[in-house]
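Remarks on the overall topology
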Amino acid sequence: MENLNLTRDAQMLLALLYKSYKNALKSGESSLNARTLGSIESIQKKTGCIKSDADVLEICKELSRAEMIQCLFADNTIYTSTLTPKAIAYMENRPKSIVLFITDLISKFLPW
């Protein structure tokens, strides 16, 4: 798996999106529905992220460039977005120490 150069904010949001995806699967949603993220507001709701819309937009653009999420941009916002299979594979294959590091970061800064 390639080594992505993501900012801490992008790493945290990706980890939260992946956690939301896993929880949706556990709740019985299909993989396609679980991967659907929606708009900025939906992403904030699913992840508990309290960053501004502008900040979330910039983080999502970074994740989109890294092919971790697919976004449909319209009117300087995200109309809809999905978690990519590449992101799921990336998160599933991350070393446990990195996952624990990100989890620790998230817990220190919640609400994020």
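Summary of the structure given here. Remember, it's a predicted structure, so these values are computed and weren't measured experimentally.

Before going further, it helps to spend a moment on the side chain of Thr 47. Considering the arrangement of structural elements, one finds Thr 47 in helix 3 (residues 40-47). For Thr 47, a relative accessible area of 8% translates into the label buried. In this structure the side chain of Thr 47 is engaged in a polar contact, spanning 2.8 Å, whose partner is the backbone oxygen of Ile 43. Polar contacts involving the side chain of Thr 47 include one to the main-chain amide nitrogen of Cys 49, which spans 3.3 Å.

Residues Ile 40, Ile 43, Gln 44 and Thr 47 constitute the buried set of helix 3. The buried residues of helix 3 all sit within an arc of 100° when viewed along its axis, so they share a single face. Residues of helix 3 that are buried in the fold lie against helix 1 (8-26), helix 4 (53-65) and strand 2 (77-83). Looking one or two residues past helix 3, Gly 48 carries a phi angle of roughly 75°, positive in sign.

Let us look at the nonpolar core. Ranked by size, the top nonpolar core spans 30 residues in total, and within it Leu 14, Leu 17, Leu 63, Met 68, Ile 69 and Leu 83 carry the most contacts. For this core, the elements supplying multiple residues, two or more each, are helix 1, helix 3, helix 4, strand 1 (69-74), strand 2 and helix 5 (85-92). Among all residues touching Leu 14, those that are not within four sequence positions of it are Leu 6, Leu 63, Met 68, Leu 83, Ala 87, Tyr 90 and Met 91.

Our next topic: the packing of helix 1 against helix 5. Relative to each other, helix 1 and helix 5 sit at 100°, their axes nearing to 11 Å. With respect to helix 5, the axis of helix 1 lies roughly perpendicular. Residue-level contacts link Leu 14, Ala 15, Tyr 18 and Tyr 21 of helix 1 to Ala 87, Ile 88, Tyr 90, Met 91 and Glu 92 of helix 5. Of the residues belonging to the contact of helix 1 with helix 5, the class tally is eight nonpolar, no polar and one charged.

Bringing the side chain of Arg 35 into the picture now. One can find Arg 35 in helix 2 (residues 31-35). Within the buried core, Arg 35 has no salt-bridge partner, and the shortest N-O distance to an opposite charge, that of Glu 92, equals 10 Å. Polar side-chain contacts of Arg 35 include one of 2.7 Å to the backbone oxygen of Leu 83. Once residues within four sequence positions are removed from consideration, Arg 35 is found in contact with Tyr 21, Ser 81, Thr 82, Leu 83, Thr 84, Pro 85 and Ile 88.

This part covers the packing of helix 1 against helix 4. It is the contact of helix 1 with helix 4, at a shortest axis distance of 9 Å, that shows an interaxial angle of 80°. Relative to helix 4, helix 1 is oriented roughly perpendicular. Along its contact with helix 1, which presents Asp 9, Ala 10, Leu 13, Leu 14 and Leu 17, the element helix 4 presents Ile 59, Cys 60, Glu 62 and Leu 63.

What counts and how
Residues numbered from 1 in each chain as written. Predicted model: local features only at pLDDT ≥ 70, side-chain atom pairs only at ≥ 80, totals over all residues. Heavy atoms only, no water. Helix = DSSP H or I, 4+ residues; strand = E, 2+ residues; numbered from the N terminus. Buried < 20%, exposed > 50% of the residue type's maximum accessible area, 1.4 Å probe, protein only. Polar contact = N/O pair within 3.5 Å; in protein donor to acceptor, adjacent residues only side chain to side chain. Arc of directions from axis to C-beta. Contact = heavy atoms within 4.5 Å. Core = buried A, V, L, I, M, F, W, Y, C linked by side-chain atoms within 4.5 Å. Axes fitted to C-alpha atoms, helices over the stretch in contact; angles between N-to-C directions. Parallel < 35°, antiparallel > 145°, perpendicular 65-115°, else oblique. Nonpolar A, V, L, I, M, F, W, Y, C, P; charged D, E, K, R; others polar. Lys, Arg positive; Asp, Glu negative; His and termini not counted. Salt bridge = Lys/Arg side-chain N within 4 Å of Asp/Glu carboxyl O.

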